[in-house]
Amino acid sequence: MAITSIQLSFPALSTPSAPRTHFEGKQQPFELSDMRDRFPILRANPNTLFFDNAATSQKPIEVLEKIEEFNRVTCANAGRGEYSRSTRLYKEVEASRVCAANFLNADPTQVAFTSGATESLNLVATMWGLENLRDGDKVVLCAEDHASAVLPWHNLKATLQRRGIDIQIKHLRMHYSGTYDRKSLTEALSARTRVVCLTHIHHLYGMEMDIAELKSLIPKDVFISLDASQSVSHIRVDSGALGVDFISFSGHKMFAGNGVGVLWASDRALKQMWPVKVGAKTKLKGSGDSFQIDRSYLSNIVECGTLNLPAILSLKPAIEFIELSDHDRIGAHLSELTLYLLAKLQTISGIEFAPGIGVCRCTRGYGIISFRINDVDSRDIGAYLDSENIFVKTGDQCTGSQKTGNDFVRVSLQIYNNKTEIDKFVEVLNESISS
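Read on for a plain summary of the structure. Throughout, a residue's number is its position along its own chain's written sequence, starting from 1. Local features in this predicted model are restricted to residues whose pLDDT is 70 or higher, and side-chain atom pairs enter the listing and the counts only when it is 80 or higher, whereas totals over whole chains, interfaces and linings include all residues. Based on all heavy atoms of the structure, the side-chain values leave hydrogens and waters out of the count.

Only protein chains enter the calculation, and the probe is 1.4 Å; a residue is then buried if its accessible area is under 20% of its type maximum, exposed if over 50%, and partly exposed in between. Labels follow the DSSP assignment, with helices taken as runs of H or I lasting at least four residues and strands as runs of E lasting at least two, numbered in each case from the N terminus. Here strand E3 (residues 138-141) shows no split at all, with Lys 138 and Val 140 on one side and Val 139 and Leu 141 on the other all buried. Pairing between strands is defined by DSSP: at least two bridges between the two strands are required. Pairing between E3 and strand E4 (residues 168-171): four bridges, direction parallel. Opposite Val 139, over in E4, you have Ile 169 as the bridge partner. By convention, a crossover is right-handed whenever its connection, traced from the first strand over the helix to the second and viewed with the strands pointing away, goes clockwise. After leaving E3, the chain enters helix H5 (residues 147-161) and then returns to the sheet as E4, a path that is right-handed. In terms of strand pairing, E3 meets strand E5 (residues 193-199) through three bridges, oriented parallel. Bridge pairing in E5 places Val 140 opposite Val 196.

Written out as structure tokens, the structure reads:
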């Protein structure tokens with residue numbers, strides 16, 4: 001189904017209206033050939049190649065309209081007043097929660113909004129780890145994962161040490177192919193292991209971790225925290241099928257606004273979690289002076305104060321955009337582009353690939369390839385590409401270990417990228433090396 005041309009300016013929003021459903025009546029998936037037309041920033045900057053999608057994705061018109069609608073028409077504090085606009089916004093926030101829960105094949109009571117994956121992952125360490133880890137307990141993680149999945153546990157270890165509690169952090173190694181080394185996982189596990197921290201798709205190496213296989217190696221009483229930031233936009237993240245205890249991701253990496261994330265917790269995890277902040281809208285049990293927090297649903301122990309409402313509201317159209325684009329089609333498109341990019345990069349003299357598809361020669365890609373060029377500083381490459389309006393990530397690659405990744409160039413693709421852009425990128429990359 002062809003998509004009609006989209007105006008770059010927002011419609012004039014002057015009077016409040018009922019919440020809109022952007023995709024009402026559309027039954028067929030969006031056409032990939034028309035995808036760029038759905039992104040105003042791409043139409044406004046046709047000569048810019050945005051290849052840093054693992055850091056953040058661009059926003060489709062439906063998401064921008066929802067954010068604009070809030071700021072220009074419906075701005076209020078959701079559920080903080082008895083007037084119609086406030087109560088209607090509360091219903092929209094809860095509709096976003098239901099949408100996010102359905103997206104994860106979960107119950108809305110298990111879903112809470114955060115400021116992003118970083119906060120979600122920190123809350124796992126504080127709301128669960130702080131309350132449940134005892135002297136001698138062990139946490140297993142990979143230092144080459146994103147810093148937001150690694151550092152909260154080191155911070156927790158330091159916090160507990162100040163209280164006389166010593167937990168141990170065991171490191172899971174990365175295989176040269178860019179996936180977790182299974183042997184090191186089994187070696188790191190022990191009777192005192194309480195939680196294992198995993199990543200669904202690696203932010204630098206671009207490989208999908210086989211969560212089902214990894215889970216089969218981990219005892220059932222051990223909790224599993226999963227960072228799904230790089231997978232939710234193009235892989236189905238099914239809480240039931242994955243069988244983990246925590247799922248964290250950011251909205252801005254999956255077409256939603258900046259400043260919103262999701263934390264999902266399993267029923268057994270929710271029963272062991274305690275809030276680290278409380279305030280207005282925190283629901284209490286009992287009466288009088290008794291202080292008993294209702295922990296029957298995750299949002300009550302995570303969300304308090306005024307939330308980032310426009311970003312939260314943008315999650316629903318972002319998820320609907322993914323669903324109408326079709327997860328499988330997005331994944332297939334990214335895989336095709338990744339393999340095409342790999343073939344082009346392999347023609348460059350002196351290229352060295354980071355762990356991932358460039359090393360393992362896999363038949364499926366996930367939109368991320370990292371590499372470096374012998375005797376050429378990656379930052380110099382990034383600066384040259386920037387001068388030609390090509391945006392990639394160089395320098396700090398946000399790994400938990402400061403010793404890995406910072407000399408790589410990372411190219412990360414999304415549904416709106418195409419082979420013509422890749423051809424241009426490789427052409428300019430060759431120029432940067434020879435200049």
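When two rings of Phe, Tyr or Trp (its six-membered ring) have centres within 6.5 Å they constitute a pair, described as stacked for plane angles under 30 degrees, edge-to-face for angles over 60, and tilted for the intermediate range. Taken as a whole and judged by the stated rule, the model has nine aromatic pairs. Residues Phe 39 and Phe 255 carry aromatic rings whose centres are separated by 6.0 Å and whose planes lie at 55° to one another, so their mutual orientation is tilted. Note that Phe 39 is positioned in the segment before helix H1 (40-44) and Phe 255 in the loop between strand E7 (246-250) and strand E8 (261-265), a separation of 216 residues in sequence. No difference in accessibility class separates Phe 39 from Phe 255, as the two residues are buried. Ring geometry for Phe 50 versus Phe 391: centroids 6.5 Å apart, planes at 85°, classification edge-to-face. Of this pair, Phe 50 sits in strand E1 (residues 49-50) while Phe 391 is found in strand E13 (residues 390-391), placing the two residues 341 residues apart along the sequence.

Glancing now at the packing of helix H2 (residues 61-74) against helix H3 (residues 84-103). Note on method: axes are straight lines fitted to C-alpha atoms, helices fitted across the in-contact stretch only, with angles between N-to-C directions ranging 0 to 180 degrees. As a packed pair, H2 and H3 sit with axes 13 Å apart at the nearest point and diverge in direction by 165°. Between H2 and H3, the interaxial angle falls into the category roughly antiparallel. Crossing of H2 over H3 shows left-handed handedness. Side by side, H2 and H3 meet where Lys 66, Phe 70, Val 73 and Thr 74 of the first sit next to Arg 85, Arg 88, Leu 89 and Glu 92 of the second. Residue type decides the class: Asp, Glu, Lys and Arg count as charged, Ala, Val, Leu, Ile, Met, Phe, Trp, Tyr, Cys and Pro as nonpolar, and the leftover types, Gly among them, as polar. Partitioning the contact of H2 with H3 into residue classes produces three nonpolar, one polar and four charged. The labels follow the angle: roughly parallel below 35 degrees, roughly antiparallel above 145, roughly perpendicular from 65 to 115, and oblique for the rest. Throughout, a crossing is termed right-handed when the near helix is turned clockwise from the far one, and left-handed when it is turned anticlockwise from it by less than a right angle. Contacts are residue-level and defined by heavy atoms, with any inter-residue pair within 4.5 Å sufficient.

Moving on to unusual backbone geometry. Phi is positive for Arg 361, which is not a glycine, with a value near 55°. Turning to its location among the elements, Arg 361 is positioned in the loop between helix H13 (357-360) and strand E12 (368-373). Non-glycine residue Asn 389 carries a positive phi angle of around 65°. What makes Asn 389 partly exposed here is its relative accessible area of 36%.

Looking now at the state of the cysteines. To count as a disulfide, a pair of cysteine sulfur atoms needs to be within 2.5 Å. All told, the structure shown has one disulfide when counted by the stated rule. The disulfide partner of Cys 360 is Cys 362, and the S-S distance across this bridge is 2.0 Å. One quick way to see it: the torsion about the S-S bond of Cys 360 and Cys 362 is about -125°, and its sign makes the bridge left-handed. Judged by its relative accessible area of 23%, Cys 362 is partly exposed. Looking at Cys 197, it has no disulfide partner, and the nearest cysteine sulfur is the one in Cys 142, 11 Å off.

Residues with no salt bridge and a relative accessible area higher than 30% make up the patches, which join like charges within 9 Å and nonpolar side chains (Val, Leu, Ile, Met, Phe, Trp, Tyr) within 5 Å. Per-residue and other accessible areas were derived by the Shrake-Rupley procedure at a 1.4 Å probe size, with only the shown protein chains allowed to occlude residues. The term salt bridge refers to a pairing of a side-chain nitrogen on Lys or Arg with a carboxyl oxygen on Asp or Glu at a separation within 4 Å. A surface patch of nonpolar side chains, amounting to about 300 Å² of accessible area, comprises Val 278, Leu 284 and Phe 291. Using a relative accessible area of 46% as the deciding quantity, one classes Val 278 as partly exposed.

Nonpolar cores were defined as sets of buried Ala, Val, Leu, Ile, Met, Phe, Trp, Tyr and Cys residues, with membership established by side-chain atoms within 4.5 Å. One finds Leu 198, Leu 341, Leu 345, Phe 371 and Phe 425 to be the most contacted residues of the largest nonpolar core, which totals 92 residues. The element contributing the most residues to this core is helix H11 (residues 309-325), with ten residues. Counting 28 residues, the second-largest nonpolar core is a separate cluster that includes Ala 112, Ala 125, Phe 246 and Ala 265.

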